[in-house]
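# Examination of the molecular architecture
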Amino acid sequence: MTADRPLLEVNDLKKHFPIHGGLLGGVTAKVYAVDGVSFDIRRGETLSLVGESGCGKSTVGKAILRLFKLTDGEVRLDGERIDNMPAGKLRMMRKRIQVVFQDPFSSLNPRMKVRDILAEPLINFGMPHRAAEIGALMDKVRLPRDAINRFPHEFSGGQRQRIGIARALAPGADLIICDEAVSALDVSVKAQIINLLADLQDELGLALLFISHDLATVEHLTHRVAVMYLGKIVELTDRRTLFARSHHPYTRALLSAVPVPDPLAKRNRIILKGDVPSPINPPSGCRFHTRCPFVFDRCKIEEPLLRSVGVGHMSACHLDEIPGGQVVPGTA
Ligand code: SF4
């Protein structure tokens, strides 16, 4: 391990789910949920994975957590491969990668008191789980210590999500995967949870993989953004560049839908036609070509590769090879 090596490295990750059918129940088709995704995350960094429902972003999170086997590719934590780790080692690795789920109502056991919810991961990993440790976790997520004897239904949605974050912090995680962790919350509560995550990142040097369908949500939290479409990353860059100078037509369409607080501001909204195609039979060439307003012949035949278009800025669009081609009229 070198000092400047990323905490997490995901290389050419693929996850294809088989579909069984027919008389003999054989594999009749595959869902190409994730099809060659690569990125890394450094300590203390937030990378957001953004895209519409069904683009494969949550599957990436589950693959990193090793909730299933990869079809291909590799995942490394501190340089060590974790996608093929034996069960015993994998258990200790799980201490370092934790998850916060979308729904704070169903992700906490309604029959357990907060004290027991927070003690559970500590017990699982053989760590001390006295009142002092549980109380310290409550302090970290800004909840009163005396609330540990309450049940989840006695808390609001935002408070429950704080408990979910405390549970993720309990074993001393280095990386937290936040899978739509604020999507189910009201706007003001959402902002409080985002601020809490940012504070915890500063305090503990946490790395965050923030999975969201909404670019507006990640704008104030993230360092870098990877935009996914139909199982692939189409653009990856730092937050500032993405919001000021995005290249990919899909990213520009997503950005054009982000609400602005000024009712008089002029918007150049890009309305995408049609639905996201099925990942069972993705389109040839560029997967976005069936909906892209700038499609040309080459897009239907040749898949654009994710290539560098600036410092730390990657985009997968044939327009990037045409001088000035990435400047989509009316959206610059
Ligand atoms: Fe659109 Fe073609 Fe670029 Fe794909 S490669 S995003 S279809 S212009």
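As the structure is a prediction and not an experimental result, all values here were calculated from the model.

Definitions and limits used
- Residues numbered from 1 in each chain as written.
- Predicted model: local features only at pLDDT ≥ 70, side-chain atom pairs only at ≥ 80, totals over all residues.
- Heavy atoms only, no water.
- Helix = DSSP H or I, 4+ residues; strand = E, 2+ residues; numbered from the N terminus.
- Rg over C-alpha atoms; globule rule 2.2 N^0.38 Å.
- Buried < 20%, exposed > 50% of the residue type's maximum accessible area, 1.4 Å probe, protein only.
- Contact = heavy atoms within 4.5 Å.
- Areas by Shrake-Rupley, 256 points an atom, 1.4 Å probe, with all protein chains shown as cover.
- Pairing = 2+ DSSP bridges.
- Axes fitted to C-alpha atoms, helices over the stretch in contact; angles between N-to-C directions.
- Near = heavy atom within 4 Å.
- 1 Å grid on protein atoms, 1.4 Å probe; cavity = no way out; pocket = protein on both sides within 12 Å on 5 of 7 lines; lining within 4 Å.
- Sits in = over half its atoms within 2 Å of the grid points.
- Core = buried A, V, L, I, M, F, W, Y, C linked by side-chain atoms within 4.5 Å.
- Parallel < 35°, antiparallel > 145°, perpendicular 65-115°, else oblique.
- Nonpolar A, V, L, I, M, F, W, Y, C, P; charged D, E, K, R; others polar.
- Salt bridge = Lys/Arg side-chain N within 4 Å of Asp/Glu carboxyl O.
- pLDDT = per-residue confidence, 0-100.

### Description of the overall build of the protein chain
- A count of helical and extended segments in the protein chain gives 10 helices and 12 strands.
- For a compact globule of 332 residues, the expected C-alpha radius of gyration is about 20 Å, and the protein chain comes in at 21 Å, within 12% of that figure.
- C-alpha extents for the protein chain along the principal axes are approximately 65 × 60 × 45 Å.
- Evaluated residue by residue, the protein chain yields a buried proportion of 49% over its 332 residues.
- Excluding contacts between residues fewer than 6 apart, the proportion of contacts in the protein chain whose partners are at least 24 apart in sequence is 63%.
- Accessible area of the protein chain: about 16,100 Å², with a carbon and sulfur share of 53%.

### Some points on the sheet that holds strand β1 (residues 8-21)
- One open sheet accounts for 4 strands, arranged β2-β1-β4-β5; its pairing is antiparallel. Lying at the two open borders of the sheet, with one neighbouring strand each, are β2 (26-41) and β5 (80-81).
- Two strands pair when backbone bridges link them, and strand β4 (residues 72-77) and β5 are joined in this way by 2 bridges, in the antiparallel orientation. When the sheet's bridge partners are listed, Leu 77 is paired in β5 with Glu 80.
- The strands that helix α1 (residues 57-64) touches are β1, β2 and β4; relative to β2, the one it contacts most, it runs at about 80°.

### Points about the site of the ligand
- In the vicinity of the ligand, the contacting residues are His 248, Pro 249, Cys 286, Phe 288, His 289, Cys 292, Phe 294, Cys 299, Pro 304, Cys 317, His 318 and Leu 319.
- Of the pockets mapped on this structure, the ligand occupies the largest cavity.

### Some thoughts on the nonpolar core
- Ile 165, Ile 176 and Leu 215 are the most contacted members of the largest nonpolar core, which has 57 residues in total.
- Beyond its immediate sequence surroundings of up to four residues, Ile 165 is in contact with Val 100, Val 141, Ile 193, Leu 196, Leu 197 and Leu 200.
- By size, the runner-up hydrophobic cluster in this structure holds 35 residues, among which are Leu 13, Val 37, Leu 49 and Leu 65.

### Considering the packing of helix α3 (residues 114-124) against helix α4 (residues 131-140)
- The N-to-C vectors of α3 and α4 enclose an angle of 105°; their axes lie 10 Å apart at closest approach. The angle between α3 and α4 places the two elements in the roughly perpendicular class. Taking contact as the criterion, the partners of Val 114, Arg 115, Leu 118, Ala 119 and Leu 122 in α3 are, on α4, Glu 133, Ile 134, Leu 137 and Met 138.
- When grouped by side-chain class, the residues that make up the contact of α3 with α4 number 7 nonpolar, no polar and 2 charged.

### Some thoughts on unusual backbone geometry
- Not every positive phi belongs to a glycine, and Asp 12 is a case in point at roughly 50°.
- Within the fold, Asp 12 resides in strand β1.
- For Asp 12, a relative accessible area of 38% gives the class partly exposed.
- For Glu 180, which is not glycine, the phi dihedral falls at a positive 55°.
- Along the chain, Glu 180 turns up in the loop between β7 (175-179) and α6 (187-204).

### Notes on the environment of Phe 294
- Mapped onto the secondary structure, Phe 294 falls in the loop between α9 (249-256) and α10 (297-301).
- On the basis of relative accessibility, which here comes to 26%, the residue Phe 294 falls in the partly exposed class.

### A word on the pattern of salt bridges
- Applying the stated criterion across every chain yields a total of 21 salt bridges.
- Residue Glu 203 pairs with Arg 142 through a salt bridge whose shortest N-O separation is 3.3 Å. In this pair, Glu 203 is assigned in helix α6 and Arg 142 in the loop between α4 and α5 (157-169), connecting sequence segments 61 residues apart.
- Judged by relative accessible area, which is 40%, Arg 142 ranks as partly exposed.
- If you follow the salt bridges from partner to partner, you end up with Arg 43, Asp 78, Arg 96 and Asp 174 in one network.

### Examining the confidence of the model for the protein chain
- Put simply, the protein chain has an average pLDDT of 91, and 95% of its residues get 70 or more.
- Note on residues 328-332: pLDDT under 50 across the span, and 9 contacts to partners over four residues away in sequence or across chains.

### Considering the sheet that holds strand β3 (residues 46-50)
- Strand order in the open sheet made by the 8 strands is β6-β7-β8-β3-β9-β10-β12-β11, with mixed pairing throughout. Since the sheet does not close on itself, it has two edges, and those belong to β6 (97-100) and β11 (307-310), each with one partner. The sheet shows a mean angle of 25° between the axes of neighbouring strands, direction not considered.
- Here β7 pairs with strand β8 (residues 207-212) via 5 bridges, running parallel. Bridge pairing links Cys 178 to Phe 210 in β8.
- In the packing of α1 onto the sheet, contacts are made with β3, β6, β7, β8 and β9 (224-229), and the angle to β8 comes to roughly 145°.

### A word on the pairing of β9
- Most of β9 sits inside the fold, with 6 of its 6 residues counted as buried.
- Where β3 and β9 come together, 4 bridges link them in parallel fashion. Across the sheet, Ser 48 pairs through a bridge with Val 225, a residue of β9.
- Two elements, β9 and strand β10 (residues 232-238), share 6 bridges in a ladder whose sense is antiparallel. Each bridged residue has a counterpart across the sheet, and for Arg 224 the counterpart in β10 is Asp 238.
- The loop that links β9 with its antiparallel partner β10 comprises 2 residues; one of these, Leu 230, has a positive phi angle of about 45°.

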